[in-house]
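Each chain is listed here by its residues.
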Amino acid sequence: MSETLKLLKHRYPTAQTFKFGDSAELSAALLALVRSGKKVATCGAVRDFENGEPRPQIGRRDIALHWDDRPALVIETVELIQCRFDEVTEAMALAEGEDDSLDGWRRGHRAYFERNGGFSPDMQILWERFLLLENFG
């Protein structure tokens, strides 16, 4: 663990670490969207949280890592919504900052979920709105 990450874990003792996306390229793109202010939300399959991945909690501050495990950002969760994939609203999709339409969001996230454990229109997702607190570049 790097010295920077050790210091951050000390500063934010309840923080979890995580990476956006499922590849170095996607992770870098999503981190850039967060830094630009365009991405203020994310989501994950509820099944992933049932398999041991820490579930987001309102008020908790978490450390997003670069693909190589260096700290990239600290975020604070401010809103959580659990719903079916096909119940995601356009406002929710646009807050993720990755697409300019609900249909674009659905296509991209369907492909992501298909690569990472399977997809179904009625699958449960956990949508999270967050604030960017620190940016390490």
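Residues numbered from 1 in each chain as written. Predicted model: local features only at pLDDT ≥ 70, side-chain atom pairs only at ≥ 80, totals over all residues. Heavy atoms only, no water.

1. Quick word on the pattern of salt bridges
Enumeration over the complete set of coordinates arrives at 13 salt bridges. Taking the shortest distance from any N to any O, the salt bridge between R60 and D62 comes out at 2.8 Å. Since its relative accessible area comes to 8%, R60 is described here as buried. The class of D62 is buried, set by a relative accessible area of 4%. (Salt bridge = Lys/Arg side-chain N within 4 Å of Asp/Glu carboxyl O. Buried < 20%, exposed > 50% of the residue type's maximum accessible area, 1.4 Å probe, protein only.)

2. With respect to the environment of A29
Locating A29 in the fold gives a position in helix α2 (residues 24–36). Between the alpha carbons of A29 and E98 there is a distance of 9.0 Å; along the sequence they are 69 residues apart. (Helix = DSSP H or I, 4+ residues; strand = E, 2+ residues; numbered from the N terminus.)

3. Side note on the sheet that holds strand β5 (residues 124–135)
If you trace the 5 strands from one edge of the open sheet to the other, you get β1-β3-β4-β5-β2, paired in mixed fashion. Where the open sheet ends on each side, the last strands, each with one partner, are β1 (17–18) and β2 (41–45). Here 5 bridges tie strand β3 (residues 61–65) to strand β4 (residues 71–84), and the two strands are oriented antiparallel to one another. Bridging from a neighbouring strand, A64 pairs with L73 of β4. Lying on the sheet, α2 is in contact with β3, β4 and β5; it crosses β4 at an angle near 90°. (Pairing = 2+ DSSP bridges. Contact = heavy atoms within 4.5 Å. Axes fitted to C-alpha atoms, helices over the stretch in contact; angles between N-to-C directions.)

4. A closer look at the side chain of E134
On the secondary structure map, E134 appears in strand β5. The class for E134 is buried, based on a relative accessible area of 18%. A polar atom in the side chain of E134 sits 2.6 Å from the side chain of R11. A polar side-chain atom of E134 sits 2.4 Å from a polar atom in the side chain of Y12. When sequence neighbours within four positions are dropped, the list of residues in contact with E134 reads L8, R11, Y12, A72, L73 and V74. (Polar contact = N/O pair within 3.5 Å; in protein donor to acceptor, adjacent residues only side chain to side chain.)

5. Let's talk about the nonpolar core
Counting residues in each nonpolar core, the largest one holds 16 residues, and the members touching the most others are F85, V88, W105, F113, M123 and I125. Among the secondary structure elements, those contributing two or more residues to this core are β2, α4 (90–95), α5 (102–115) and β5. With residues up to four places along the chain from it excluded, the contact list for I125 reads C43, G44, A45, V46, I81, Q82, C83, R84, F85, V88, W105 and F113. Ranked by size, the runner-up nonpolar core spans 10 residues in total, among them L30, L31, L73 and I75. (Core = buried A, V, L, I, M, F, W, Y, C linked by side-chain atoms within 4.5 Å.)

6. With respect to α2
Compared with an ideal rise of 1.5 Å per residue, which puts 13 residues at 18 Å, α2 spans 18 Å between its outermost C-alpha atoms and is within 8% of the ideal. Turning to α2, its buried residues are S27, L30, L31, L33 and V34. Down the axis of α2, the buried set is contained in an arc of 160°. They therefore lie on one face. Facing away from the buried side of α2, by more than 90 degrees, are the exposed residues E25 and S36. Here the buried face of α2 lies against β3, β4 and β5. Downstream of α2 by a residue or two, G37 has a phi angle that is positive, lying close to 90°. (Expected span 1.5 Å × (residues − 1). Arc of directions from axis to C-beta.)

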